[in-house]
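A look at the structure
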There are 2 protein chains.
Amino acid sequence: MLYLVGLGLSDETDITLKGLEVVKKASRVYLEAYTSVLLVDQSVLESYYGRSIMIADREMVESNSDEILRSAQDEDVAFLVVGDPFGATTHTDLVLRARELAIPVQTVPNASILSGIGACGLQLYNFGQTVSMVFFTDTWKPSSFYDRIKENRSIGLHTLVLVDIKVKEPSLENMARGRRIYEPPRYMTVGQCARQMLEIEDERQEAVYSRNSLAIGAARVGGQTEKFVAGTLEELCSADEELGPPLHSLVLLGSRTHELERDFAHHFALDKDKWNTLWEAQYGKQ
Amino acid sequence: MLYLVGLGLSDETDITLKGLEVVKKASRVYLEAYTSVLLVDQSVLESYYGRSIMIADREMVESNSDEILRSAQDEDVAFLVVGDPFGATTHTDLVLRARELAIPVQTVPNASILSGIGACGLQLYNFGQTVSMVFFTDTWKPSSFYDRIKENRSIGLHTLVLVDIKVKEPSLENMARGRRIYEPPRYMTVGQCARQMLEIEDERQEAVYSRNSLAIGAARVGGQTEKFVAGTLEELCSADEELGPPLHSLVLLGSRTHELERDFAHHFALDKDKWNTLWEAQYGKQ
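Quick caveat, the model's predicted, so the values are computed rather than measured. (Residues numbered from 1 in each chain as written. Chains lettered and ligands numbered in written order. Predicted model: local features only at pLDDT ≥ 70, side-chain atom pairs only at ≥ 80, totals over all residues. Heavy atoms only, no water.)

The next subject is helix α12 (residues 259-266) of chain A. Listed as buried for α12 of chain A are Leu260, Glu261, Phe264 and Ala265 of chain A. The arc that holds the buried residues of α12 of chain A, viewed along the axis, is 115°, so those residues lie on one side. Its buried side turned inward, α12 of chain A meets β10 (214-219), β11 (227-232) and α13 (272-282) of chain A together with α5 (90-100) of chain B. (Buried < 20%, exposed > 50% of the residue type's maximum accessible area, 1.4 Å probe, protein only. Helix = DSSP H or I, 4+ residues; strand = E, 2+ residues; numbered from the N terminus. Arc of directions from axis to C-beta. Contact = heavy atoms within 4.5 Å.)

Okay, here's the thing in structure tokens:
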């Protein structure tokens, strides 16, 4: 059996009791650690679970899945995923490959950022499609997120923007020389995300949002130090200090808001008067 | 401290280790059991948690939250919610009331149907706003879900349709006579949901979807007996036997689909040839 086990969002105690049973009895335990990461180290997990864990990097999952699935017709293999197992496309591939090999698959769901973000006070029913924001370079500024946000906002919906993490990435220089040396991990912040959003709006000028659009920055959702900061996109450009360390994500508000959302999110506002004024002008509309 | 603890989707072992610690140490433990229910009884939870649990019905949560919050400035109170605590609006109210009383609040997230539905093979990034379907009566057929689905489909997105449950509802007759006698619990099925969807399409005739639109019926998501059935809306009208007992939910596909979604969901199709033919004609488009 291949078990896809969600680990939740924050630390070693976010695994479910069902998930922990699977980890304890499996022949091999893999941890997918490139689409998201927990707020604790691998060693903490190993000590808490009482098991050693193999890190499954992108290359292993995408090109060498047969090693992960080896003998899983007869043995139990646990594949641990931060958040919920179906948050990222890669694991769909793994399940399809398991089906081809006649390996049964069972999923142990857990909290995902897609539901955990509800703690910011915006109603999960009012979210449209989720988008991803990657680190811009001088020559590569992918802006498909802008079109997706435009669609969401055209029907009044909020947009969750998931921000890039870079774990175990080779530098271009080292890649060119064939060296397996990796860059230190990088985590995008809410500030950088907001700046990149405004950069694309300045470039495209389709008025999908503006410096005064309201948004909520989220840090370490589901953890003990979870933090939300509400404000304009411009304010969020420099709110990283308030938010603290990674992981971050951002929600851009849609116009179709409920007064409960206003009351709840107001609590997190950097400038409460400004938040109220802008809300009255732009939100609570169909 | 008020702890909002998510219980996940299926049974007593879906609580997280963090959540179980909270339940064990809290002075009082409430279970919200009207927006969704687990697949096991209260007594199973009580025996597994080693705690007695008070059921918090809608009336208690909405009108008598001060009883739940009593002394929570100094004591720990656990409020258990099936799925993730922020899946339903009611709990936002409870947090706002706690804030007024200067009671600190902490959330223990867990799996929600909003993320767990990813196990059907459709990418969570491609979902639009979620809608709810209530039991129609002869005189009350609320159809706002139709407008929301229209919006989602106008931009190619999938729609998760959450179906009604009726737990501890007084009958109209008993309510009129002031008797506290309740109807047996009722759970809407995928079949009834699909029929009500088609009834509104027949009435409104805006071609938001048709009998041949593809959809996936889901039953007991996250549980040992999780089941998915893929087919046309017409096929799903009579697929309740394949799906089995509650809880059910339904996903109506949007046109913006990925080939991985096709490959994954095809596995669940009632009529695989028909699924392929309709997919080729209508899906995989922007």
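As a further point, take the relation of the copies chain A and chain B. Once chain A has been moved 0.0 Å along the axis and rotated by 180°, it coincides with chain B to within an RMSD of 0.0 Å. In the structure described here, the two chain copies are related by an operation that fits a two-fold rotation axis. Interface overlap between copies: 100% of the residues of chain A at the interface are likewise at the interface in chain B, consistent with a symmetric, same-surface contact. (Least-squares fit on C-alpha atoms with pLDDT ≥ 70 in both.)

Within the UniProt annotation, "binding site: S-adenosyl-L-methionine" (unreviewed entry) is assigned to Leu9, Asp84, Gly87, Ser112, Ile113, Val163, Val221 and His248 of chain A. When you line up the elements, Asp84 of chain A lands in the loop between β4 (77-81) and α5 (90-100). What Asp84 of chain A contacts, discounting residues up to four positions off in sequence, is Pro109, Asn110, Ala111 and Ser112 of chain A together with Ser115 of chain B. Not counting residues within four places of it along the chain, the set of residues in contact with Val221 of chain A comprises Leu9, Ile113, Gly116, Ile117, Glu226 and Phe228 of chain A. (UniProt positions renumbered as here; feature names shortened; annotations may be inferred.)

Below, the discussion takes up the packing of aromatic side chains. Aromatic ring pairs are reported here in terms of the distance separating the ring centres and the angle at which the planes meet. The full count for this structure, using the stated rule, is 14 aromatic pairs over all chains. Note on Tyr48 of chain A and Tyr49 of chain A: the rings are 6.3 Å apart at their centroids and 65° apart in plane angle, and the pair reads as edge-to-face. Exposure remark for Tyr48 of chain A: the relative accessible area of 32% places this residue in the partly exposed category. With centroids separated by 5.7 Å and ring planes inclined at 45°, the aromatic side chains of Trp275 of chain B and Trp279 of chain B adopt a geometry described as tilted. Highlighted residues: Trp275 of chain B and Trp279 of chain B, both in helix α13 (residues 272-282), separated by four residues, approximately one helical turn. Each of the two residues, Trp275 of chain B as well as Trp279 of chain B, counts as buried. One aromatic cluster in this structure is built from Phe86 of chain A together with Phe228, Phe264 and Phe268 of chain B. In this structure, Arg99 of chain A packs its charged tip against the face of Phe268 of chain B, placed 5.4 Å from the ring centre. (Phe/Tyr/Trp six-rings, centres within 6.5 Å; stacked < 30°, edge-to-face > 60°. Lys NZ or Arg CZ within 6 Å of the ring centre and 35° of its normal.)

Our focus in this paragraph is the nonpolar core. Within the largest apolar cluster, 95 residues are counted, with the highest numbers of intra-cluster contacts made by Phe79 of chain A together with Phe79 of chain B. Excluding its chain neighbours within four sequence positions, the residues that come into contact with Phe79 of chain B are Leu2, Tyr3, Leu4, Val5, Tyr30, Glu32, Ala56, Val61, Ile68, His91 and Leu94 of chain B. Counting residues in hydrophobic clusters, the runner-up holds 40 residues, among them Ile15 and Leu80 of chain A together with Tyr3 and Ala78 of chain B. (Core = buried A, V, L, I, M, F, W, Y, C linked by side-chain atoms within 4.5 Å.)

All names here are of chain A. In the contact formed by helix α7 (residues 144-154) and helix α9 (residues 190-204), the axes pass within 10 Å of each other and the chain directions differ by 85°. The angle between α7 and α9 falls in the class roughly perpendicular. Along its contact with α7, which presents Phe145, Tyr146, Asp147 and Ile149, the element α9 presents Gln196, Met197, Ile200, Glu201 and Arg204. Taken together, the residues that form the contact of α7 with α9 break down as five nonpolar, one polar and three charged. (Axes fitted to C-alpha atoms, helices over the stretch in contact; angles between N-to-C directions. Parallel < 35°, antiparallel > 145°, perpendicular 65-115°, else oblique. Nonpolar A, V, L, I, M, F, W, Y, C, P; charged D, E, K, R; others polar.)

A few words on the environment of Met197 of chain B. Residue and element names in this part refer to chain B. Relative to the assigned elements, Met197 resides in helix α9 (residues 190-204). Along the backbone, Met197 and Val229 are 32 residues apart, and their C-alpha atoms lie at a distance of 17 Å. Residue contacts for Met197: discarding those within four places in its chain leaves Met133, Phe145, Ile149, Val161, Tyr209, Leu233, Leu250 and Leu252.

All names here are of chain A. Under the definition given, this model contains 38 salt bridges over all chains. Across the pair Asp147 and Arg204 runs a salt bridge whose closest N-O atoms are separated by 2.5 Å. Of this pair, Asp147 sits in helix α7 while Arg204 sits in helix α9, and the two are 57 residues apart along the sequence. Three or more residues joined by partner-sharing salt bridges are found here, namely Asp147, Lys150, Arg204 and Glu206. (Salt bridge = Lys/Arg side-chain N within 4 Å of Asp/Glu carboxyl O.)

Let us now look at the side chain of Thr232 of chain A. Residues and elements named next belong to chain A. Along the polypeptide, Thr232 turns up in strand β11. Residue Thr232 is classed as buried on the basis of its relative accessible area of 1%. Not counting the four nearest positions on each side in its chain, Thr232 is found in contact with Arg211, Asn212, Ser213, Leu214, Lys274 and Leu278.

Attention shifts here to the sheet that holds strand β3 (residues 54-56) of chain B. Residue and element names in this part refer to chain B. As summarised here, the arrangement of the five strands in space is β3-β2-β4-β1-β5, forming an open sheet in which the pairing is parallel. Of all strands in the sheet, those with a lone pairing partner are β3 and β5 (105-108), marking the two edges. Strand-to-strand twist across the sheet, computed as the mean angle between neighbouring axes with direction ignored, equals 25°. Strands in contact with helix α1 (residues 17-25) are β1 (2-6), β2 (28-32), β4 (77-81) and β5; relative to β1, the strand with the most contacts, it is inclined by about 135°. (Pairing = 2+ DSSP bridges.)

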